[in-house]
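# Descriptive structure summary
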Amino acid sequence: TTFVALCKGNHLRILYHFNILLFILLISLKAAWGADPEEELLPLGLDTAEVMGADSAISPRPTSRIAENITIITAKDIAALNAHTLTDVLDTVTGIVIDAKRTPGNWTAFSIQGGFDTNGHILLLIDGVSQGNLLQGAIDPGLIPLQHIERIEIIKGSASAAWGPALGGVVNLVTKIPESGRPYSGTASASLGERNTADLLADVSGSKNGFGYYLFGGNLHSKGLRPNNATNRNNLYAKLTYDLPKGNLTLGVSYIEAKRGLEEIYVPDWDMVVHDNNKDRRYYSFIDFTYPLLPDLTLGLSAQDSNLENQTIWGHLEGSRVATDNHFFLKEHNSGGKVRLFWGDSRQNLATGIDYLHSKITLIDRADPSSQYLTDKSRDSLSFYGNGAISFGRLTLLPGIRYDRTGLDQNSLNYTLGATFRLTGKTLLRGYAAKGYSLPNAIDHNVPQQIWTVQTGVESEAVPYLWLKGTLFYNHIWDIQDTSTEVAVYRKHDRQGCELEVKTVPLYGLSLTGGYTYTDARDADTREKLKDIPVHIVKLAATYSNTGYGLLAVVSGNYAFLNMDESKQAHFSPMIWNLHLTQQLLPGKELSPELFFSVKNLFNGSQYSHYWYVTPHRWVESGVRFRF
């Protein structure tokens, strides 16, 4: 009750002082508590044991030595959900809200503790390459397939000192590596659902004589679970690796193309039926080279290139004919390189680096050459950073600093100081304070938004058969441009709240999970509550696994309430439930096929933030998966 009271009051401001006191307390306790070397390796978290966690791309360390609030999702978790896109997975994560649940593969937005990707608040990376567009900062998780993803690392809260423009969080997708010790292996799967919703996927992987390969391709298409909400997406991915006498070389290429539409719907404000569809083409490539200079010192060099093309036709119906109002053509290109040095191990380490990126963005309107949205900009950014970990027995201090020459009107200096303390073998304390930033959209803004954030939390398995995690957070954001005025006006926002997660140890194959997030978001000057921000988020799930019978069942539900503007006619019914079943036909056999079956929106719930994006009714799909 004390935790919830802090959550819903204005008491989170004391976290500034609490974290400072926490660091002082931990340092003073260090001598008294001592360190048990074996205790340092005990796993903490039922699904986040001592593996490389959500800082792995920057500074490799286990999850128990990361101060931020993190969630890790594995390839096994992705398969259990029969997930088509990143949207399906994010929808199950505590603290995350999907703006609209639509036909698989269609556009949607999401938020992490009130920070929306459409505001550029969230940084999403695959292979270290940013996937957000420069025009609005939007990520488009419905466009991202998951068959080639080994794990998803999510940081909830500012992480700019390590990652750059990550004011509200990071979603880092780590792709699969070639299968070791086998010349070939792979997976093929196919699913079919209502309205001809089908997902066809295949990958193959192997290695020999130091050379490794991973290849993946797929097609996702649907006639649309809502009228004129069709999608057709093709994707290809390839990764090649080569073990040098000293070091490793990795080359990767990704290509995605998609055609998607928005239902034709009557808009009362405009007194017309609107029509919207778009075409996307995304490409990126990277090359990465790692070389051990010394036993504890590794050099990393990488280069990347990415390209985005998007065409959006926005119009209205005149009888049976679509009259085009806007025909936007967006083209973005990024190219750059990184130099990294990593010293130490998971307990004592320092990661330093320099990142360079050249970006070019062009937006034209072929239907209206005088459109106010036309954009033609380029920028060069250069970043210098250093992040480390210093462990003293049970205590780990985590300082970091980063300076970004953004190529905009303002540069950004960001820093962080965090700490983790293993209070006992089964209880961990976390806390950090940080300054961060996000890039503005390319149409209206040329000044980065800034944030000061602080989080404090505890993670424990001290209660028998339970894993508990609680987090308090406070965010102060400024340089938020108000585009409703002709003269630039910059506002400040406060977001504070709490998050609580619980998981049970599997009992007779059954385990339960739950999560709750509360966010109080206000204008820092007027104290008025902000619109379009999630206030309450609830996630529930039950998982049953019987390896002897080859059966896996997952029931997941989520509820979200957003403080929306009445004109959007948002609707938030009780929990939306999904059911996923997977049956291995020959349990224990290596080449056994798997049958899977899903029912989405079991009880015809409806959760959407805008009447344009009504939730599809209950729909069913089934498929088969074969591993070899």
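Shown above is the structure to which this text applies.
The following paragraphs examine the structure supplied in this document. (Residues numbered from 1 in each chain as written. Predicted model: local features only at pLDDT ≥ 70, side-chain atom pairs only at ≥ 80, totals over all residues. Heavy atoms only, no water.)

This part takes up the sheet that holds strand 6 (residues 129-130). Spatially, the five strands line up as an open sheet ordered 1-7-8-5-6, and their pairing is mixed. The open sheet has two edge strands with one neighbour each: strand 1 (69-74) and strand 6. In this sheet, strand 6 lies alongside strand 5 (residues 122-126) in antiparallel orientation, the contact comprising two bridges. If you follow Leu 125 over to strand 6, its bridge partner there is Ser 130. (Pairing = 2+ DSSP bridges. Helix = DSSP H or I, 4+ residues; strand = E, 2+ residues; numbered from the N terminus.)

Next up on the list: the side chain of His 148. Structurally, His 148 is set in the loop between strand 6 and strand 7 (149-156). Those residues within four positions of His 148 in sequence are excluded, and the remaining contacts are Thr 175, Lys 176, Tyr 214, Phe 216 and Tyr 237. (Contact = heavy atoms within 4.5 Å.)

Okay, the pattern of salt bridges next. Working definition: two side chains of opposite charge can pair if their charged atoms are close together. Here the structure, examined in full by the defined rule, presents 19 salt bridges. With its nearest N and O atoms 2.6 Å apart, the salt bridge here joins Asp 140 to Arg 260. Of this pair, Asp 140 sits in the loop between strand 6 and strand 7 while Arg 260 is found in strand 13 (residues 248-267), placing the two residues 120 residues apart along the sequence. Each member of the pair, Asp 140 as well as Arg 260, is classed as buried. (Salt bridge = Lys/Arg side-chain N within 4 Å of Asp/Glu carboxyl O. Buried < 20%, exposed > 50% of the residue type's maximum accessible area, 1.4 Å probe, protein only.)

Applying the stated rule across the entire model yields five aromatic pairs. Ring geometry for Phe 561 against Phe 572: centres 5.9 Å apart, planes inclined by 75 degrees, an arrangement best described as edge-to-face. In this pair, Phe 561 is assigned in strand 27 (residues 551-563) and Phe 572 in strand 28 (residues 571-572), connecting sequence segments 11 residues apart. Judged by its relative accessible area of 34%, Phe 561 falls in the partly exposed class. Taking the ring centre of Phe 329 as reference, the NZ or CZ of Arg 366 above it sits at 4.6 Å. Here the guanidinium or amino end of Lys 503 rests over the ring plane of Trp 467, the centre of that ring lying 4.6 Å away. (Phe/Tyr/Trp six-rings, centres within 6.5 Å; stacked < 30°, edge-to-face > 60°. Lys NZ or Arg CZ within 6 Å of the ring centre and 35° of its normal.)

It is generally the case that most residues other than glycine have a negative phi and that most peptide bonds are trans. In this structure, Asp 127 is a non-glycine residue whose phi angle is positive, near 60 degrees. Along the chain, Asp 127 turns up in the loop between strand 5 and strand 6. You will see that Asn 604, though not glycine, has its phi angle at about 55 degrees, which is positive. Checked against the element boundaries, Asn 604 lands in the loop between strand 30 (594-600) and strand 31 (607-608).

Next up on the list: the environment of Glu 528. By the secondary structure assignment, Glu 528 is in the loop between strand 25 (510-523) and strand 26 (533-546). Taking relative accessible area as the criterion, Glu 528 reaches 55% and is therefore assigned exposed. The spacing of Glu 528 and His 493 is 35 residues in sequence and 9.8 Å in space, taken between C-alpha atoms. Those residues within four positions of Glu 528 in sequence are excluded, and the remaining contacts are Ala 521, Arg 522 and Asp 523.

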